[in-house]
Amino acid sequence: MSKIPILLFMLVYGGLASYAQAPASPRYYQHAAFDPLFYPSTGTVYRSASGAPGNKYWNNKADYKINSTLDTTLHELSGSVTISYTNNSPDDLPFLWLQLDQNIYRKDSRGVSVTPVTGGRWANKSYTEGDVLKSVTLIRNGQSFKADYLVTDTRMQIRLPEALKGNGGAIQLKIDYSFIVPEYGTDRMGRLKTSGGWVYEVAQWYPRMAVYDDIYGWNVLPYLGQGEFYLEYGNIDYTVTAPSDMIVAGSGELINPTEVLTPAQIGRLAKARTSDKTVMIRSASDVKDPSSHLPRESLTWHFHCNQTRDVAWGASRAFIWDAAKIDLPSGRKALAQSVYPAESAGDQAWGRSTEMVKGCIELYSNEWYEFTYPVATNVAGIVGGMEYPGIVFCSHNSKQGGLWNVTNHEFGHNWFPMIVGSNERKYAWMDEGFNTFINGVDTKVFNHGEFAEKEDAQKLARFYFSPASEAIMTVPDVLQQGNNLGVAAYAKPAMALNLLRKYVLGEKRFDFAFRTYVKRWAFKHPTPWDFFHTIENVSGEDLGWFWRGWILNNWKLDQSIKEVKYTDNDPAKGALITLENLGEMAMPVVLAIGQENGRTDTLTLPAEIWLKGPTWTVPFASTAKIKSIVIDPLHEFPDMDPSNNNWNGTAMVKPVPPGVTAEKVVATYLTNIGGKEKLTAITDATISSTGSVQGQKLAQTQKFKGADEYLMEIKLPDLNMTAVRLSVNGDSVKITQMGQSPALDDDTRKEIKEGARLFPELAFSSPGYTTELTSIKNINGKDAYEVKVTHGSSVSTYYYDVNTGFKVRAVMSDKQGGSSKTDYDDYREVSGIRFPYRISADEGDNTLDLTVQTIKLNSGLTEADFK
């Protein structure tokens, strides 16, 4: 599913940011980290202890023959599916289980029952009757008879009159059904109204066999929305009958192009199959041209897809259609294509989609395993991002880097879980996390890294590993909606694999082991233990300590420099650097050591330095006095407290000169930016800023009026959506994030109100405030006064440049002990008042570097501007 950027943006100019909880203070214990008992079981005939499928491994097989009709007046799909099911297991099966995913859209579904009252991505905006079953028939030995079945929410059990024999027993099921295509289908399917007509994205659209495996037997977790899928492999042949002016694009190969396409379209399609450049099959002008489709009332589109676990399709009168050739390592060719409405067209938007599809498919095929389907199709519609074999649904609003990110991510899923068929209902990280990892590898290469952005793992640590976060090995439906799913299923597993690849195994060993895993488990059903065993056996490393820290537990990393000593107090004789591991997690340590003679060395120490306990002394052959030592100079490890990662041999904290007080520091700041008289004369202000996060452009607007009216909006222009809206009106405080409105307690509302001021320093001398000047600290290379401000339960720390008096940093703390940091720079004058034009807000999950574009003062804002 879509990797939407995690946006906890509650930024205001006075320094308010997201209220991340403070990390706990765990203790490292080597006997827990390196416990010898890791694997719960040994190898079997089905799954080898080496991580490979055993010599008696089996999958059951499900082939489907589907005929369907789309009624665009009623938005109804009617279908008839014949399932040929082969029981390759050694067990006789007295009953069968199927999945009826459309039942999640019923008002009485479990998915509806577990949806928070605040809504969310998987909330139903309207209800249907789900799958309406017209008949369910068993076909065995050439005879048909009515099936004995029971539907429970999104599952159907068929009780067989005679058990289906193991080791190859076969049976057929024929089911006639219908359902209404919901307008919003839990961000996995649905329909979008455009100027050219409805865009249908149709998935989970036929009854599908549940998986029977050697681990759980029948896998029958209900479909609740957040947990995805676990399906059997087979061949699927299907038809879609739709009005003749619609284009239908589906998984697999179009079998009957001459029956549904015009001669011109067939010729263009043939050209696209040999072209590295995108070829237009159906242009925007063709959409309105009656001659661009065959003169019939309806057409039946026939598709076939082999060795697949599922199929999906899109259909619309509005589709523009373009395509290009995909070159695969074996010499085989495939087709990259995109279908999208006119509103999505353009060189900065979906006009580049096919280029992106071709690029990511070729890159993944060369790096990991060859793409297995004849066509890769990108469909623009209402779905933000969702993957199916050979076809993906991406937001019609996506542009530039946003379009690349969602396209690259969704097509990465063709490797995990379309090729490697892991159980998404239980282990989301085995598809979302693995996919996010390969997305990063791919993005660095595509078009010379056009959309690549380096993440700062140190800044992400407080968010990824906060007390509110959850372990990677968590059933996805158990994960809290929103941020926790994005972290535990996507971001943390990808970060873990990046570190495993670069610092534990090295790229050559890791890549060979990872490719081996994909090859071993292509079109099979691996467990986490199969993955662990494979990586260890192929790479030649015992990695129990790594899996335990990263996957099974929510352990934290905090490496620090404790002290530095010289042999006989002589730097020329060498140094002893003592390190401490203050968190539970064991990881390698990377040190950048600079000496006064100008030499810089980098040491990478293995995780085994922590085998004996939480401290380790490293001998270093210094030849001169050490000037500085930095742990993780590239910021690639999620260290919870980077402040103890640096050592420069001198005190980082300086005493305050006599006579300097907090009151004087604050007064100097107010004077230097314009003076109290000018500041208090401001009746209203509007500040507009721009920036980006994870490839998405953002635009922030803040409005201030008086002392108690404030409005802040952060929009994502490429997605045409408002990510965050924060309003303060007297005692009323409201926040909406990604369409959800979290409840706020009284203390949090007070903290937000406190931060929602244009110049919070104007209130520091008011009753109830206390200020304390604690020290002078080095902030971004400059000395700054540290002023601690307490107001009720709110504690904030401000830093003011010793030389200029300007505020350079604000650190806001909440009642849970969490904190957020905002840096200020590039002060410019507006109507006699100096404002910072560069703001860098560290929110734990992301660092937002904002640039102010305009500042308007006393423009006459009214109540209407705050609604």
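Before reading on, note that the structure itself is shown above.
Because the structure is predicted, anything quoted here is derived from the model rather than measured.

K.L.:
Give me the lowdown on helix α11 (residues 507–521), citing residues and values where you can.
P.N.:
Taking 1.5 Å of rise per residue, the 15 residues of α11 would be expected to cover 21 Å, and the 21 Å separating its terminal C-alpha atoms lies within 8% of that figure. At its buried positions, α11 is contacted by α6 (353–367), α8 (432–443), α10 (483–505) and α12 (528–539).

K.L.:
Summarise the pattern of salt bridges; cite the residues concerned and give the values.
P.N.:
The final tally for this structure, using the stated rule, is 40 salt bridges. Between Asp-108 and Arg-106 there is a salt bridge, with its nearest N and O atoms 3.0 Å apart. For Asp-108, a relative accessible area of 54% translates into the label exposed. Note that Asp-176 and Lys-174 form a salt bridge whose closest N and O atoms lie 3.2 Å from each other. Through salt bridges with shared partners, a single network forms among Asp-276, Lys-325, Asp-327, Lys-333, Lys-358 and Glu-362.

K.L.:
Quick one: what's the story with the sheet that holds strand β8 (residues 169–180), residue by residue and with numbers?
P.N.:
If you trace the 8 strands from one edge of the open sheet to the other, you get β5-β4-β8-β2-β1-β15-β19-β17, paired in mixed fashion. Since the sheet does not close on itself, it has two edges, and those belong to β5 (143–146) and β17 (253–254), each with one partner. Note: strand β2 (residues 76–87) against β8, 12 bridges, orientation antiparallel. Bridge pairing in β8 places Tyr-85 opposite Ile-171.

K.L.:
Residue-level account of the environment of Tyr-769, with values.
P.N.:
Tracing the backbone through its elements, the reader meets Tyr-769 in strand β39 (residues 769–779). For Tyr-769, a relative accessible area of 11% gives the class buried. Contacts of Tyr-769, omitting those with residues within four sequence positions, involve Glu-754, Arg-757, Ala-763, Phe-764, Val-789, Thr-790 and His-791. Here the side chain of Tyr-769 touches Arg-757 through a polar contact of 3.4 Å, side chain to side chain.

K.L.:
Which residues make up the pairing of strand β41 (residues 794–801), and what values do they have?
P.N.:
In terms of residue burial, β41 counts as a mostly covered element, since 7 of its 8 residues are buried. Across 8 bridges, strand β40 (residues 782–791) lies against β41 in antiparallel orientation. Bridged to Glu-786 within β41 is Tyr-799. Two successive antiparallel strands, β40 and β41, enclose a turn made up of 2 residues, where Gly-792 displays a positive phi of approximately 65°. In this antiparallel pair of consecutive strands, β41 and strand β42 (residues 807–813), the connection spans 5 residues, and Gly-805 shows a positive phi of 80°.

Definitions and limits used
- Within any chain, residue numbers begin from 1 and follow the written order of that chain's sequence.
- Under the rules for a predicted model, residues below a pLDDT of 70 receive no local features and side-chain atom pairs below 80 are neither given nor counted, while totals for whole chains, interfaces and linings still include all residues.
- No hydrogens and no water enter the side-chain calculation; it runs on all heavy atoms of the structure.
- Secondary structure follows DSSP: runs of H or I at least 4 residues long count as helices, runs of E at least 2 residues long count as strands, and numbering of each begins at the N terminus.
- An expected span of 1.5 Å times one less than the residue number is assigned to each helix.
- A contact between two residues is defined here by any heavy atoms of the two lying within 4.5 Å.
- Note on definitions: salt bridges are taken to be side-chain nitrogens of Lys or Arg within 4 Å of carboxyl oxygens of Asp or Glu.
- Only protein chains enter the area calculation, which uses a 1.4 Å probe; residues under 20% of their type maximum are buried, those over 50% are exposed, and those in between are partly exposed.
- Between any two strands, at least two bridges found by DSSP are needed for them to pair.
- Two N or O atoms count as a polar contact when they lie within 3.5 Å, although within protein this holds only if one can serve as hydrogen donor and the other as acceptor, and sequence-adjacent residues are included solely when both atoms are side-chain atoms.

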